[in-house]
Amino acid sequence: MVYPMFRGREIDPPPVYGGEISVISTEKAPLLRQEYANVTDGAGKSCAYRRLHNPMEDCIMHFIVKKDGGAYLMKPKEDIKKIVLAYSGGLDTSIIIPWLKENYNNPEIIAVSGDVGQAGELDGLEEKALKTGASKLIVADLVDEMVDEVIIPALKMDAKYETYLLGTAFARPILGRKLAQVALEEHADAVCHGCTGKGNDQVRFELAVKRFAPDMTVIAPWREWSIRSRDEEIDYAEAHNVPLKISRETNYSKDKNLWHLSHEGLDLEDPANEPDYDKPGFLEMGVSPAQAPDTPAYVTIDFEKGVPVALNGERMKASKIIAGLNEIGGANGVGIIDIVENRLVGMKDRGVYETPGGTILYFAHEQLEMLTVDKDTLHAKQKLAIDFADLIYNGKWFTPLREAISAFADKANENVTGSVRLKLYKGNIIPAGTTSPCSLYSENLATFDESDYDQKDAAGFINLWGLPTKVQALREKGLL
């Protein structure tokens, strides 16, 4: 049974309401007027379209109810007058503005860009947005929010998704939250994003929107339009005089922020192809290990309770430390990975990621933990790190579980204070010394020379530790 919904939320049915959704009929209830019609959803599946009028609030809600019982809110296009678009100026969002104008009755488009450290990609963005049909561009400085609210908690957990350092996933909760906030402030009828129906980002954006604007309509053109490839997107852009910074030959799908740069598509779609790291313009955050200097570079990073606070002796905020490490690490070929990852939607995807500063920071943090975190806590944290990374990757940042694991991370990092010195050489990160006032390491205990440790104590420990093994053996021999 599928019951009426007010503002996207299911309510108890009025006493006279009833009927399976597959029944196409008109029924009247004390509070609702309902009209059904056979329609087809975007995937070609038969659905029922329901138009509800709520006289108590004098509003009409439209949503599609699938015959399998699923439902999603859908405002009719003619009621969508203002749309807030997550706008990067890349290929997808560049053509979305004219597409929305053509397909949603010429609504007002407010473009929102988040500055998450993508540097030059914001240059000329306002002019481009306005030229292609936006009424205005809002650029929000989100660098420190992303670093302090998402990256640092993930660093404390050493969270990696498989071997991916979560660069794109780190930015999405912050960007999605800002998108929802602007939509509410501007009294928009819908938000829109350029994420494909194949990827993870559609989930990340929309879960953030659901958290901060739960009743907001979401438009995802990739799930609606007839365009099926990036080549067809370029065709659309050319036909509508939309300026692009890419060509068909350099048409990699890229995502850049302070933490990383991702490369997908073109020749990378075949895992048999070796990435051409030395091709001019391919790498943007550094050089390949082959082109790195022949002499090593050294960096020292200071941490307080798991948070990086200084680089090479100079105190600075975490975002500046990441930026500095990007420059040093990139110049030495650090942080380039080529992986095939398991997407949330179920397919495998191949990508090349540049994360120079982040790779160094994770390595340094793990070195310091070796000295300062007890065995049981460290091992528990390593197990939870997988779950934490999954939550980030799968778009579930704004959830109670993520908050609970973050609280654990804060406690586990209370003694992760000290300095880590590293040597960077042709893509390698080599430990060069770690110190901490909270170290659990005792040279007196660990030395091979004479110490206070009485080696005779080991015999009794082994007897007790091995007792279950001994009892099992005795049982097998019938000696118990």
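About the criteria used
Residues numbered from 1 in each chain as written. Predicted model: local features only at pLDDT ≥ 70, side-chain atom pairs only at ≥ 80, totals over all residues. Heavy atoms only, no water. Helix = DSSP H or I, 4+ residues; strand = E, 2+ residues; numbered from the N terminus. Contact = heavy atoms within 4.5 Å. Areas by Shrake-Rupley, 256 points an atom, 1.4 Å probe, with all protein chains shown as cover. Pairing = 2+ DSSP bridges. Axes fitted to C-alpha atoms, helices over the stretch in contact; angles between N-to-C directions. Salt bridge = Lys/Arg side-chain N within 4 Å of Asp/Glu carboxyl O. Parallel < 35°, antiparallel > 145°, perpendicular 65-115°, else oblique. Left-handed = near helix turned anticlockwise from the far one by under 90°. Nonpolar A, V, L, I, M, F, W, Y, C, P; charged D, E, K, R; others polar. Phe/Tyr/Trp six-rings, centres within 6.5 Å; stacked < 30°, edge-to-face > 60°. Lys NZ or Arg CZ within 6 Å of the ring centre and 35° of its normal. Core = buried A, V, L, I, M, F, W, Y, C linked by side-chain atoms within 4.5 Å. Buried < 20%, exposed > 50% of the residue type's maximum accessible area, 1.4 Å probe, protein only. pLDDT = per-residue confidence, 0-100. Polar contact = N/O pair within 3.5 Å; in protein donor to acceptor, adjacent residues only side chain to side chain. Expected span 1.5 Å × (residues − 1). Arc of directions from axis to C-beta. Patch = residues over 30% accessible without salt bridge, like charges linked within 9 Å, V, L, I, M, F, W, Y side chains within 5 Å. Lys, Arg positive; Asp, Glu negative; His and termini not counted. Charge placed at Lys NZ, Arg CZ, Asp CG, Glu CD.

**A look at the overall build of the protein**
Piece 1. Check the secondary structure of the protein and you find 13 helices and 20 strands.
Piece 2. Residue pairs at least 24 apart in sequence account for 67% of intrachain contacts in the protein once pairs closer than 6 positions are excluded.
Piece 3. Per element, the accessible surface of the protein, about 24,300 Å² overall, is 51% carbon and sulfur.

**What about the sheet that holds strand β20 (residues 428-435)?**
Piece 1. Read from one edge of the open sheet, 5 strands run β16-β15-β14-β19-β20, paired in antiparallel fashion. The open sheet has two free edges, formed respectively by β16 (314-315) and β20, since each of these has just one partner strand.
Piece 2. Sheet analysis places strand β15 (residues 307-311) next to β16, joined by 2 bridges and oriented antiparallel. Paired with Ala310 across the strands is Arg315, a residue of β16.
Piece 3. Lying on the sheet, helix α7 (residues 318-331) is in contact with β14 (297-304), β15 and β19 (418-425); it crosses β15 at an angle near 60°.

**Regarding the pattern of salt bridges**
Piece 1. Here the structure, examined in full by the defined rule, presents 20 salt bridges.
Piece 2. One salt bridge in this structure joins Lys160 and Glu366, with 3.4 Å as the shortest N-O distance. In this pair, Lys160 sits in the loop between α3 (143-157) and α4 (167-185) while Glu366 sits in helix α8 (residues 356-372), placing the two residues 206 residues apart along the sequence.
Piece 3. The closest approach of N and O atoms between Glu284 and Lys256, which form a salt bridge, is 3.9 Å. Taken as a pair, Glu284 in the loop between β13 (261-264) and β14 and Lys256 in strand β12 (residues 253-256) lie far apart in primary sequence, 28 residues in all.
Piece 4. It is possible to trace a salt-bridge network through shared partners that takes in Arg172, Asp201, Arg204 and Asp255.

**Quick word on the packing of α4 against helix α5 (residues 201-212)**
Axis angle and axis distance: for two packed helices, these are the angle between their axes and the distance between the axes, and together they describe the pair.
Piece 1. Their axes nearest at 8 Å, the elements α4 and α5 cross at an angle of 40°. With respect to their mutual orientation, α4 and α5 come out oblique. The hand of the α4/α5 crossing is right-handed. In this structure, α4 uses Thr168, Ala169, Arg172, Pro173, Leu175, Gly176, Arg177, Leu179, Ala180 and Leu184 to contact α5, whose residues at the interface are Asp201, Arg204, Phe205, Ala208, Val209 and Phe212.
Piece 2. Partitioning the contact of α4 with α5 into residue classes produces 10 nonpolar, 2 polar and 4 charged.

**Let's talk about the packing of aromatic side chains**
Piece 1. A complete count under the given rule lists 13 aromatic pairs for this structure.
Piece 2. Feature note: the residues Trp99, Tyr104, Trp222 and Trp225 constitute an aromatic cluster, connected by ring pairs.
Piece 3. The ring of Tyr104 has Lys77 sitting right over it, with the charged end atom 4.8 Å from the ring centre.
Piece 4. A cation over an aromatic ring shows up here: Arg211 above the ring of Phe212, its NZ or CZ 5.0 Å from the ring centre.

**Observations regarding the sheet that holds strand β17 (residues 336-342)**
Piece 1. Spatially, 4 strands are ordered β12-β13-β18-β17 in an open sheet, and the strand pairing comes out antiparallel. Only two strands of the sheet have a single partner each, and these edge strands are β12 and β17. With strand direction ignored, the average angle separating the axes of adjacent strands in the sheet is 25°.

**Some points on the nonpolar core**
Piece 1. Counting 71 residues, the largest nonpolar core has Val84, Leu166, Phe170, Ile360 and Leu361 as its most contacted members.
Piece 2. Phe170 has contacts with Met146, Val150, Ile151, Ala154, Leu165, Trp259, Tyr362 and Ile392, leaving out every residue within four places of it along the chain.
Piece 3. In terms of nonpolar packing, the next biggest core, distinct from the first, is built from 26 residues, Ile80, Ile109, Ala129 and Ala237 among them.

**Let's talk about the confidence of the model for the protein**
Piece 1. Averaged over every residue, the pLDDT of the protein is 87; the share at 70 or more is 84%.
Piece 2. For the stretch residues 1-73, pLDDT sits under 50, and the model shows 133 contacts to residues farther than four places along the chain or on other chains.

**Concerning unusual backbone geometry**
Piece 1. Here the phi dihedral of Ala119 falls at roughly 55°; this positive angle occurs in a residue that is not glycine.
Piece 2. Locating Ala119 in the fold gives a position in the loop between β8 (108-115) and α2 (125-131).
Piece 3. In this structure, Glu162 is a non-glycine residue whose phi angle is positive, near 60°.
Piece 4. Topologically, Glu162 is positioned in the loop between α3 and α4.
Piece 5. Its relative accessible area of 40% is what places Glu162 among the partly exposed residues.

**A few points about the environment of Asp115**
Piece 1. Take Asp115: it is sitting in strand β8.
Piece 2. Beyond its immediate stretch of four places on either side in the chain, Asp115 contacts Leu122, Val139, Ala140, Asp141, Leu142 and Val143.

**Some remarks on the environment of His260**
Piece 1. Its location among the elements puts His260 in the loop between β12 and β13.
Piece 2. Discounting residues that sit within four places of it in the chain, His260 has contacts with Tyr164, Gly167, Thr168, Asp255, Met285, Tyr353, Glu354 and Thr355.
Piece 3. Looking at His260, its side chain comes within polar contact range of the side chain of Asp255, at 3.3 Å.

**Here's the deal with helix α10 (residues 400-412)**
Residue pairs spaced three or four apart in an α-helix point in one direction, given the helix's 3.6 residues per turn.
Piece 1. The terminal C-alpha atoms of α10 lie 18 Å apart, and with 13 residues this matches the ideal 18 Å at 1.5 Å per residue to within 8%.
Piece 2. Taken together, the buried positions of α10 are Arg402, Ile405, Ser406, Ala409 and Ala412. The arc that holds the buried residues of α10, viewed along the axis, is 120°, so those residues lie on one side. The exposed residues of α10 that point more than 90 degrees off its buried face are Pro400 and Lys411.
Piece 3. Its buried side turned inward, α10 meets α3 and α9 (375-393).

**Here we look at a negative patch on the surface**
Piece 1. A surface patch of negative charge is lined by Glu443, Asp449, Glu450 and Asp452.
Piece 2. Relative to the helices and strands, Asp449 resides in the loop between α11 (443-446) and α12 (457-465).

**Concerning the pairing of strand β7 (residues 82-86)**
Piece 1. Burial of β7 is extensive: 5 of the 5 residues sit out of reach of the surface.
Piece 2. Judged by which residues are buried, β7 turns out to be covered on both faces: Lys82, Val84 and Ala86 on one side and Ile83 and Leu85 on the other are all buried.
Piece 3. Alignment of β7 against β8, held across 5 bridges, turns out to be parallel. Bridge assignment links Ile83 to a residue of β8, and that residue is Ile109.

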